[in-house]
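Take a look at the letters that make up each chain.
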Amino acid sequence: MRFKIYALSGAALALSVAVGFSATKPAQKGPLTSALNLPWPAGVQKKQPKFPPALSPAQELKTFHMPPGYQVQLVASEPLIKDPILAEFDGDGRLWVVEMQGYAVGQKMVNETEPVGDVVILEDTNGDGIYDKRTVFQDKLILPRALKILDHNCALIGEPPNLVKSCDTNGDLVADTKEVIKDGFGRQGNIEHAANGLYWGMDNAINISEHNYNLAFKGDGKFEVVPNLVRGQWGITQNDGGLIFRNFNTDPLFVDYIAPSYFVRNPDVTRTSGLYENLVDQEKSAVWPVRPTLGVNRGYRPEVPRPDGSAYYYQGVSWPMIYRGDALPKELYGQPVVVDAPTNLVHLLKMQDDGSGNLSAADFYSKGEFLASSDERFRPVSLTPGWDGTFYIVDMYRGVSQDEPIQTDYLKNYIMQHKLWNGIHMGRIYRVVHTGMKAPPPKPQMNEESAVQLVAHLSDPIGWWRDTAQQLLVQRNDKSAVPALQQLAASSPDFRTRVQAVWTLAGMGSLDADTVKKALEDSDPYVRNAGVRGSELYLAKGDASMLAAVMKKADDSNWLVRRQLAASLGELPPNMRLAPVVAVMKKYGNDQITVDAAVSGLKGQEADALVQLVAQSGSADAAQMLAGAAAKGRNEGQVQKMIALVTNANQSGALRLAVLHGAATGFSGQDIRPNSAVSGGRAGGVPDLFVRPRPAVKLMALSAEPVALTAMAKESDELGTAAKSVVDDLTWPGKPVPPAPKNTRTPEEEVLFKAGQGVYATNCAGCHQDQGQGAPHIAAALAGSKIATGRPDMPLRVLLNGKDGSIGEMPPLGQSLSDGQVAQVLTYVRGSFGNTAAPIHAELVKEFRLSYAYRKKPWTDAELEKPSR
């Protein structure tokens, strides 16, 4: 990959604040602090001003309701900062802040494409807890949305459409070089659904949410782009064991038990259990605003507000952060905190482990919020772990929180009625405190410390210190630290230190076999899990001793370790892989996460594994997933082995049926498992796939007719029906081929189709998934969709005005796209995922956009059934 490197112009340097901006501090000593005596849980303050004014920070602090003992302190506000959206502390305790000053500007709420955004560095020069110095590290940014601080005063910055690395090379904290690492980092016109995060995880992957690539640090300040699966929406966090957590708009917490890299290595998997697993049951979670919250996208729906006008449930939950500090009460440690800007609150969850590695989460408080404000302009958008053992709340402070292009007409009208578009370019950052909280540790000076000093921080009780020390050690790769790290990994009394030492050694390329084997026998499952992942370097070389050591973990007491073993065995050389992977699948074939992790490592060998598994009477679910991947891979040798198995009358009927169902899923790309279940289906046990029309698929070509399978397909029983569905997806010389839908796209329409793939990946795949299969409770499937493939007006009306339905509301995403982009993405959707509907042209988009400009609410299914007028 070639990087574009250039120095900032002299004019840009002159406009930057090279020596810092000093703000006049308040006269009082120490930060302004919220009140302790406001009621909690608080009732809803129904009386609200028609035109909510922009409050001063001191006034806003009086609107905060928190549990007994908790308060927040104001540490920064306008004019020192403007429009902050996220923040991060560097190794010297300075606070870097991303300012998105171009967001929703003016009465029209336009996202400005002028370079008015900044990354600034805040400093508290006299230690009174209030930031007073501002240095513009990087100015003239267009809608910046992601930040990761690096060593040597460098940072990764997400500035759509690019991911850049900016550095200060002379020590003045002003960037003077800028290097494009990768393009395709979101799109400027899509604020809500675009790449973000840049979260350096414990496994040293730099995670990007809602995007199709991550980064890996490769030494000497260089990064490798690593393919990723699109998951999450806004924000990423991790726990003390290094598990990654994300969110979705209406669901606060998802976990990756299995890292996405394992599923990326085998694109033929038909299920990815263990990746992005929802931890919060919607029926067991609620929010408790202290003001009516009708100014939300779905505020017109009767089920959204309570009778008092407050929302029952999250309206835009984001930025999960697992608290890993030591300043606040111990009951908070390890618990997830999220923000919900539309309802003006910060919500606390309680996460639990069932003792065997399965996590779940629910509301920490049965009623009441960690922080709820009666000020409609309080917009908490992110949370920042602090070096001082607490955490910080970033408040963008504005009336409009929903991106204008995907506002419903209802919300847009609400904003205009209450003049919420006014009073912008403010912002506050608050520090969470508690009565009797101990004094913070000395301010860090890690940027100047030696490797030995950094290693010592891995034993710190505060997660921020451990994470920052690890990242600096990995970037510097000073081998003098290796002996001390090995000692910590082997004998530190704190599992948090041991697991982080293992990952630091891995990131430095210094994880030796002895350390791995010791980690495998550790008393803590997170350390054992790190040991299993660390063994992959040796497994890939066919190390028999390491294989014997990791196979002992097949009997581990914790699901986390056993599931990771299933994934890591896929790194063995192909000639050593089958037997151990099948053994794990046989033993834990009823655990979907273990099954999918195992299949991810068997690319090109799925049918071979299937034959071995069936010989050992493995589970139907494991057989179905292996068959699905084998069919999706479309290797004739593998498919023929699968056909031989299902046509063997000596095999159990249930197992043969599972294999046929898996094959149908793999060939068609359509999930046949009703409600995401693996077996079962309609009455009579026939999955829906075999009784409803399926979208056309590209036929799998065999060299000869599978006579036994075609004979089975003529039977009228359940096996025959399933076999016929597979035969329909196959072809061979001499097979009568029914007239196939032709690709009648003109060359111009083909250009639309290809461009639409990129528009889809950026704007749609996060919800509707890469193959248009949709996601339960989140987004409808587009593969085979009657709306997507129906009359052209049907998908057009949905995209331009939104759609209401049982899953929830599809926002009017087309409002953020040009006529040409709408035409592109709909042409792509209507011609992909097995769909064969006609393309849609920009002229038609323009016509419908004008025709339905008056529309004030989303369409319903019943309305869409009627032809447009």
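Reading the values: rules and limits
Residues numbered from 1 in each chain as written. Predicted model: local features only at pLDDT ≥ 70, side-chain atom pairs only at ≥ 80, totals over all residues. Heavy atoms only, no water. Helix = DSSP H or I, 4+ residues; strand = E, 2+ residues; numbered from the N terminus. Rg over C-alpha atoms; globule rule 2.2 N^0.38 Å. Buried < 20%, exposed > 50% of the residue type's maximum accessible area, 1.4 Å probe, protein only. Areas by Shrake-Rupley, 256 points an atom, 1.4 Å probe, with all protein chains shown as cover. Lys, Arg positive; Asp, Glu negative; His and termini not counted. Charge placed at Lys NZ, Arg CZ, Asp CG, Glu CD. 1 Å grid on protein atoms, 1.4 Å probe; cavity = no way out; pocket = protein on both sides within 12 Å on 5 of 7 lines; lining within 4 Å. Points joined across faces, edges and corners; volume = space filled by probe spheres on them. Nonpolar A, V, L, I, M, F, W, Y, C, P; charged D, E, K, R; others polar. Salt bridge = Lys/Arg side-chain N within 4 Å of Asp/Glu carboxyl O. Disulfide = S-S within 2.5 Å. Pairing = 2+ DSSP bridges. Axes fitted to C-alpha atoms, helices over the stretch in contact; angles between N-to-C directions. Phe/Tyr/Trp six-rings, centres within 6.5 Å; stacked < 30°, edge-to-face > 60°. Lys NZ or Arg CZ within 6 Å of the ring centre and 35° of its normal. Core = buried A, V, L, I, M, F, W, Y, C linked by side-chain atoms within 4.5 Å. Contact = heavy atoms within 4.5 Å. Arc of directions from axis to C-beta. Polar contact = N/O pair within 3.5 Å; in protein donor to acceptor, adjacent residues only side chain to side chain.

> Is there a simple way to explain the overall build of the protein in this structure?
For the protein, the count of helices and strands is 27 helices and 30 strands. Computed over the C-alpha atoms, the radius of gyration of the protein is 28 Å, within 12% of the 29 Å expected from 2.2 N^0.38 for a compact globule of 869 residues. Across its three principal directions, the C-alpha atoms of the protein cover 90 × 75 × 55 Å. Within the protein, buried positions represent 61% of all 869 residues. Counting every atom, the protein has about 32900 Å² of accessible surface; 54% of that belongs to carbon and sulfur. The positive charge centre, built from 89 side chains, and the negative charge centre, built from 93, are 3 Å apart in the protein.

> How do you make sense of empty space enclosed by the protein when you look at a structure like this?
Rolled over the atoms, a probe with the dimensions of a water molecule shows which regions are left empty. In the structure shown here, the tally under the stated rule is four cavities of 30 Å³ or more. Looking at the largest cavity, it is lined by 41 residues, and the ones nearest its centre are E88, K148, Y199, P385 and W464. For the lining of the largest cavity, the secondary structure elements donating two or more residues are strand 5 (84-89), strand 9 (146-150), strand 13 (196-200), strand 17 (237-238), strand 21 (317-322), strand 26 (380-385) and helix 6 (463-476). At seven residues, the largest contribution of residues to the lining of the largest cavity is made by helix 6. Considering only residue class, the lining of the largest cavity consists of 21 nonpolar, 14 polar and six charged. The calculated volume of the second largest cavity comes to roughly 50 Å³. Sorting the residues of the lining of the second largest cavity by element identifies helix 18 (636-646) and helix 19 (653-668) as the ones contributing at least two each. Of the residues contributing to the lining of the second largest cavity, the split by class is ten nonpolar, no polar and no charged.

> What exactly am I supposed to notice about the pattern of salt bridges here?
One side chain can pair with another of opposite charge once the charged atoms of both are near each other. Throughout the structure, instances matching the rule amount to 38 salt bridges. A salt bridge links D388 to R431, with the shortest nitrogen-to-oxygen separation between them at 2.7 Å. Taken as a pair, D388 in the loop between strand 26 and strand 27 (391-395) and R431 in strand 28 (residues 428-434) lie far apart in primary sequence, 43 residues in all. For R431, a relative accessible area of 12% translates into the label buried. Residues R745 and E750 are paired through a salt bridge, measuring 2.9 Å at the closest nitrogen-oxygen approach. With relative accessibility at 22%, the residue R745 sits in the partly exposed group. Through salt bridges with shared partners, a single ionic network connects D240, R324, R466 and D467.

> How should I be thinking about the state of the cysteines in this particular structure?
Two cysteines, two sulfur atoms, one covalent bond between them: this is a disulfide. Under the counting rule described, the total for this entry stands at one disulfide. Across the disulfide from C154 sits C167; the S-S distance is 2.0 Å. Because the sign of the S-S torsion sets the handedness, a value of about 115 degrees for the bond joining C154 and C167 places this disulfide among the right-handed ones. Here the residue C154 occupies a position in strand 10 (residues 154-159), and C167 occupies one in strand 11 (residues 162-167), the gap between them amounting to 13 residues. Both residues of the pair, C154 and C167, belong to the buried class. Cysteine C764 shares no disulfide, and the gap to the nearest cysteine sulfur, in C767, comes to 8.6 Å. For C767, a relative accessible area of 17% gives the class buried.

> What exactly am I supposed to notice about the sheet that holds strand 4 (residues 70-77) here?
Reading across the sheet, the four strands line up as 4-28-27-26 and stay open at both edges, with antiparallel pairing between neighbours. Where the open sheet ends on each side, the last strands, each with one partner, are strand 4 and strand 26. Strand-to-strand twist of the sheet, defined as the mean angle between neighbouring strand axes without regard to direction, takes the value 30 degrees. Summarising the sheet, strand 4 and strand 28 pair through seven bridges and their orientation is antiparallel. Following the sheet pairing, A76 is matched in strand 28 by I429.

> Which parts of the structure should I look at to understand the pairing of strand 10?
Side chains on a regular strand alternate between the two faces of the sheet. The element strand 10 is extensively covered by neighbouring structure, given that six of its six residues are classed as buried. Burial along strand 10 is two-sided: the residues C154, L156 and G158 and A155, I157 and E159 are all buried. Two strands pair when backbone bridges link them, and strand 9 and strand 10 are joined in this way by five bridges, in the antiparallel orientation. Pairing of K148 across the sheet is with L156, part of strand 10. The hairpin turn running from strand 9 into strand 10, its antiparallel successor, is three residues long, and H152 in that turn takes a positive phi close to 60 degrees. One ladder, built from six bridges, connects strand 10 with strand 11; its direction is antiparallel. Bridge assignment links E159 to a residue of strand 11, and that residue is N162.

> What exactly am I supposed to notice about the packing of aromatic side chains here?
Here a ring pair, both rings aromatic, is described through the centre-centre distance and the interplanar angle of the planes. Tallied over the entire structure, the rule returns 22 aromatic pairs. Plain terms: the ring middles of W40 and Y365 are 4.9 Å apart, the flat faces sit at 75 degrees to each other, and that makes the pair edge-to-face. Remark: Y365 occurs in the loop between strand 24 (359-363) and strand 25 (371-373) and W40 occurs in the loop between strand 2 (21-22) and helix 2 (57-61); sequence separation between them is 325 residues. Taking the relative accessible area as the measure of exposure, W40 reaches 24% and is therefore partly exposed. Overall, the relative accessible area of 13% leaves Y365 in the buried class. An aromatic cluster is built from Y70, Y323, Y333, F370 and F391, whose rings are joined through pairwise contacts. It is R797 that lies over the ring of W859; its NZ or CZ is 4.2 Å from the centre.

> Which parts of the structure should I look at to understand the nonpolar core?
Across soluble globular proteins, nonpolar side chains have a tendency to be buried as a group. With 219 residues, the main nonpolar core has F370, F391, I393 and M585 as its most contacted residues. Considering each element in turn, this core owes the most residues, eight residues, to helix 17 (residues 620-633). Residues within four places of M585 in sequence aside, it is in contact with V595, A598, V599, L602, L613, A622 and L626. Counting 31 residues, the second largest nonpolar core, distinct from the first, contains M794, L800, A823 and Y828.

> When you look at the sheet that holds strand 20 (residues 277-278) in this model, what are you seeing that I'm missing?
Sheet strands associate in pairs through backbone hydrogen bonding, adopting either a parallel or an antiparallel arrangement. The four strands lie next to each other as 17-18-19-20, forming an open sheet whose pairing is antiparallel. Edge positions in the sheet fall to strand 17 and strand 20, since each of these pairs with one other strand and no more. Two strands pair when backbone bridges link them, and strand 18 (residues 244-248) and strand 19 (residues 251-256) are joined in this way by four bridges, in the antiparallel orientation. Paired with R246 across the two strands is F254, which belongs to strand 19.

> How do you make sense of unusual backbone geometry when you look at a structure like this?
In this structure, the amide linkage connecting E78 to the following residue, P79, adopts the cis form with an omega of 10 degrees. In this structure, P79 sits in the loop between strand 4 and strand 5. Following P160, the chain continues to P161 via a peptide bond in cis, the omega torsion being 10 degrees. One can find P161 in the loop between strand 10 and strand 11. For D83, which is not a glycine, the phi torsion comes out positive at approximately 50 degrees. Positionally, D83 belongs in the loop between strand 4 and strand 5.

> What am I meant to see in the pairing of strand 13 here?
Of all five residues in strand 13, five are buried; the element is thus mostly enclosed. Bridging between strand 13 and strand 14 (residues 205-209) involves four bridges; their strand directions are antiparallel. Among the inter-strand pairings, N196 is bridged to a residue of strand 14, identified as S209. In this antiparallel pair of consecutive strands, strand 13 and strand 14, the connection spans four residues, and N204 shows a positive phi of 75 degrees.

> Please explain helix 9 (residues 513-520) as it appears in this structure.
Three or four residues apart is the spacing at which side chains of an α-helix point the same way, because the helix has 3.6 residues per turn. When helix 9 is considered as a whole, its buried residues turn out to be T515, V516, A519 and L520. Taken around the axis of helix 9, the buried residues stretch over an arc of 140 degrees, which confines them to a single face. Turned more than 90 degrees away from the buried face of helix 9 sit D514 and K518, all of them exposed. Looking at the buried positions of helix 9, the neighbouring elements they touch are helix 7 (482-491), helix 8 (495-507), helix 10 (525-534), helix 11 (536-539) and helix 12 (544-551). Where helix 9 begins, the side chain of D512 points an oxygen toward the backbone nitrogen of D514, at a separation of 3.2 Å.

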